[in-house]
Amino acid sequence: VAKGDTIAVLQDLGSSYLDDQFADRVVEQRASKLEGLRLEVEQARQKLAQARQKRRAADEKVSNAALGISTARTRLSRVEDLQDDGISSVRDLETARLKFQKARTDSVAAAADLAAARRAVESARLNVQRKERKLDAQRAALTRKVENAEARAANAVVRAPIDGTVARINRV
């Protein structure tokens, strides 16, 4: 035999490694699995963007509610002054009080919505981080699996280290 000639092909006893195309299949599986995980990460990022948009809308509702309270307070004060002067009716005063109370209630509801939106953003952000960590971990594990399969395939062929004669072949 000449140096570098194949003198033996080792067969792995693991059933999955008996497949000649095992390393190629592992590479394909890795690509497929990672693509699925990338899609999960992208979906989580989109949900985070949606949650942030809802938080911005809730911020606006809080601002509008504060403006509503201010307006209702001013109108109530004006109607109370008119009532004191005898120009406004009791009905107008009660309506102004109800509108002021409704504005306060709307403000509390807007604040609650904002708190919920902030929690949703935090939850979505943590979900993105979790998905990214899962992707990184799977990428590393699948890369190790591919490297292991390629190394096993490469080590399966025994080549002659020098020129010479094969004296004996043992069958195991």
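Residues numbered from 1 in each chain as written. Predicted model: local features only at pLDDT ≥ 70, side-chain atom pairs only at ≥ 80, totals over all residues. Heavy atoms only, no water.

S.K.: Which parts of the structure should I look at to understand the overall build of the protein chain?
M.R.: Per the secondary structure count, the protein chain includes two helices and two strands. When the helices and strands of the protein chain are read in sequence order from the N terminus, they spell out β-α-α-β. Here the C-alpha radius of gyration of the protein chain, 36 Å, is well above what a compact globule of 172 residues would show, namely 16 Å. By residue count, 19% of the 172 residues in the protein chain fall in the buried class. By sequence separation, contacts in the protein chain at least 24 residues apart represent 85% of the contacts at least 6 residues apart. Of the roughly 12,700 Å² of accessible surface on the protein chain, 51% is carried by carbon and sulfur atoms. Taking the average place of the 34 positive charges on the side chains of the protein chain and the average place of its 25 negative ones, the gap between the two points comes to 2 Å. (Helix = DSSP H or I, 4+ residues; strand = E, 2+ residues; numbered from the N terminus. Rg over C-alpha atoms; globule rule 2.2 N^0.38 Å. Buried < 20%, exposed > 50% of the residue type's maximum accessible area, 1.4 Å probe, protein only. Contact = heavy atoms within 4.5 Å. Areas by Shrake-Rupley, 256 points an atom, 1.4 Å probe, with all protein chains shown as cover. Lys, Arg positive; Asp, Glu negative; His and termini not counted. Charge placed at Lys NZ, Arg CZ, Asp CG, Glu CD.)

S.K.: Mind showing me how you'd approach a negative patch on the surface here?
M.R.: Residues Asp 24, Glu 28, Glu 147 and Glu 150 make up a contiguous surface patch of negative charge. Among the elements of the structure, α1 (22-84) and α2 (90-155) are those that each provide at least two residues to the negative patch. Relative to the helices and strands, Glu 28 is located in helix α1. (Patch = residues over 30% accessible without salt bridge, like charges linked within 9 Å, V, L, I, M, F, W, Y side chains within 5 Å. Salt bridge = Lys/Arg side-chain N within 4 Å of Asp/Glu carboxyl O.)

S.K.: What is the right way to read the environment of Leu 98 from this model?
M.R.: With respect to the secondary-structure elements, Leu 98 resides in helix α2. The spacing of Leu 98 and Ala 72 is 26 residues in sequence and 9.2 Å in space, taken between C-alpha atoms.

S.K.: Where do I start with a nonpolar patch on the surface in this structure?
M.R.: Taken together, the side chains of Val 1, Ile 7, Leu 10, Val 158, Val 166 and Ile 169 present a nonpolar region at the surface, about 510 Å² in accessible area. The residue Ile 7 is located in strand β1 (residues 6-9) in this model. Relative accessible area serves as the criterion here: at 37%, Ile 7 is assigned to the partly exposed category.

S.K.: Just to check I follow, could you spell out the nonpolar core for this structure?
M.R.: A general trend in soluble globular proteins is that nonpolar side chains are found buried together. If you look at the biggest cluster of nonpolar residues, it comprises eight residues: Ile 69, Ala 72, Leu 76, Val 79, Leu 93, Ala 96, Phe 100 and Ala 103. Elements with a minimum of two residues in this core: α1 and α2. Not counting residues up to four positions away in its chain, the partners in contact with Ile 69 are Phe 100, Ala 103, Arg 104 and Ser 107. The next biggest cluster of nonpolar side chains, apart from the first, holds six residues, and it includes Leu 48, Ala 51, Val 121 and Ala 124. (Core = buried A, V, L, I, M, F, W, Y, C linked by side-chain atoms within 4.5 Å.)

S.K.: Hey, could you run me through the pattern of salt bridges in this one?
M.R.: When their charged atoms lie close together, side chains carrying opposite charge are able to pair. A complete count under the given rule lists 10 salt bridges for this structure. For Arg 125, the salt bridge goes to Glu 122, with nearest N and O atoms at 2.3 Å. Here Arg 125 pairs with Glu 122, and both are found in helix α2, just three residues apart, close to one helical turn. The class of Arg 125 is partly exposed, set by a relative accessible area of 28%. Through salt bridges with shared partners, one network takes in Glu 40, Lys 131 and Lys 134.

S.K.: Any chance you could explain α1 here in plain terms?
M.R.: Because each turn of an α-helix spans 3.6 residues, side chains separated by three or four positions end up pointing in the same direction. Compared with an ideal rise of 1.5 Å per residue, which puts 63 residues at 93 Å, α1 spans 92 Å between its outermost C-alpha atoms and is within 8% of the ideal. Downstream of α1 by one or two residues, Gly 86 has phi in the positive range, about 80°. (Expected span 1.5 Å × (residues − 1).)

S.K.: Just to check I follow, could you spell out the side chain of Lys 131 for this structure?
M.R.: Among the structural elements, Lys 131 can be located in helix α2. Apart from the residues within four sequence positions on either side, Lys 131 is in contact with Glu 40, Val 41 and Ala 44.

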